[in-house]
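Residue-level structural notes
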Amino acid sequence: MPFENMLAASLHVSAWSGVKTDARTTGEVLREKRAEADAGKFSKLLVPKRQLGKLDLIQSGARRDFRRLTLPFDHGMGLVSGEMFEEFRGVMTAHRQAFEDEARHFVEDVYPSVLEQAQIRLVGLYKESDFPSQADLRGKFRMQLNIFPVPHAAELKLASVSASVEAELRTEYDSMLTERLADAQRDVWLRVLEPAAKFAETMAQVDPHFRESTVENLRDVARLAPRLSLMPDIELETTCHRLLGALAGIDATDLRERPTERQLAGASCRFTFPDS
């Protein structure tokens, strides 16, 4: 498998939640309800949820695109093909910039008013020490994309172990890596076949229910899959090309309003599958 044409990546996001467990209130509630000490906790929202909502959306979007543009590798890490890398980096850089801009806006423009209103809003739940300073708060928002090479087993060298142990480690690493890469390549196919099969099944129904984004999401999968692939795969490229052809010129409104076109689209997608 062409190690030179792939990279591993990880995305790390940290953000202040504005949520704090209130030990005193927890104790009061547990005593009032005669519950055991580990029966529950009372958490207070230091900030109205809506004021952190945009940051939450940006985080969710970044994680969604990270999964969309990489293949699963190991413990949250993804694999990026060489062909996909520039698009991946551009998309993730845009998410990071949006996150940093919104975090700056929250800390500098929103947080001062949060502090002003906190005592009025929380009343008996208010505790000054729950609220970080603006300087400390700036460091609580971070989005970082890390990129790593995927090394060959032959590159695994440890000066402190014997040659036999080193050889054993290389063999184990090579076996693990081969399995992970094969799983990742299977994932590309599943990303295409599962939604395409679901689409074909839905379009065959008399009165189907589906989202407006259904067609565009399937197009996106078919567009990305050959570029996500870690190796040349003519069968995958052919399947995706046929799928895009089957979806050409149609949208969700057409499919809802025109049963004949809907059934034809479903049948066309079904016949794009290998061995169909």
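So, a few notes on the structure that sits alongside this text. Just so it is clear, the model here is predicted, and its values are computed rather than measured. (Residues numbered from 1 in each chain as written. Predicted model: local features only at pLDDT ≥ 70, side-chain atom pairs only at ≥ 80, totals over all residues. Heavy atoms only, no water.)

**Brief notes about the pairing of strand β1 (residues 6-14)**
As a general feature of sheets, a regular strand has side chains that alternate between the two faces. Taken together, the four bridges between β1 and strand β5 (residues 77-81) define a ladder with antiparallel strand orientation. Following the sheet pairing, A9 is matched in β5 by G78. With eight bridges connecting them, β1 and strand β6 (residues 142-149) associate as antiparallel partners. Bridging from a neighbouring strand, S14 pairs with R142 of β6. (Pairing = 2+ DSSP bridges. Helix = DSSP H or I, 4+ residues; strand = E, 2+ residues; numbered from the N terminus.)

**Some words on the pattern of salt bridges**
If you walk through the whole model with that rule in mind, you get 18 salt bridges. The salt bridge involving D22 is made with K44; its shortest N-O contact spans 3.1 Å. In this pair, D22 sits in the loop between β2 (19-21) and α1 (23-32) while K44 sits in strand β3 (residues 43-45), placing the two residues 22 residues apart along the sequence. The buried category is assigned to K44, whose relative accessible area is 4%. Note that E87 is salt-bridged to R223, the shortest N-O span being 3.4 Å. Taken together, the residues span a long stretch of sequence, with E87 in helix α3 (residues 82-122) and R223 in helix α6 (residues 214-228) at a distance of 136 residues. Classification of E87 as partly exposed rests on a relative accessible area of 22%. (Salt bridge = Lys/Arg side-chain N within 4 Å of Asp/Glu carboxyl O. Buried < 20%, exposed > 50% of the residue type's maximum accessible area, 1.4 Å probe, protein only.)

**Remarks on the environment of G249**
Tracing the sequence through the fold places G249 in the loop between α7 (234-247) and α8 (252-257). For G249, a relative accessible area of 73% gives the class exposed. G249 has contacts with R219 and D254, leaving out every residue within four places of it along the chain. (Contact = heavy atoms within 4.5 Å.)

**Concerning a positive patch on the surface**
Together, K20, R24, K127 and K140 give the surface a local cluster of positive charge. In this structure K140 comes out as partly exposed when scored by relative accessible area, which is 35%. (Patch = residues over 30% accessible without salt bridge, like charges linked within 9 Å, V, L, I, M, F, W, Y side chains within 5 Å. Areas by Shrake-Rupley, 256 points an atom, 1.4 Å probe, with all protein chains shown as cover. Lys, Arg positive; Asp, Glu negative; His and termini not counted. Charge placed at Lys NZ, Arg CZ, Asp CG, Glu CD.)

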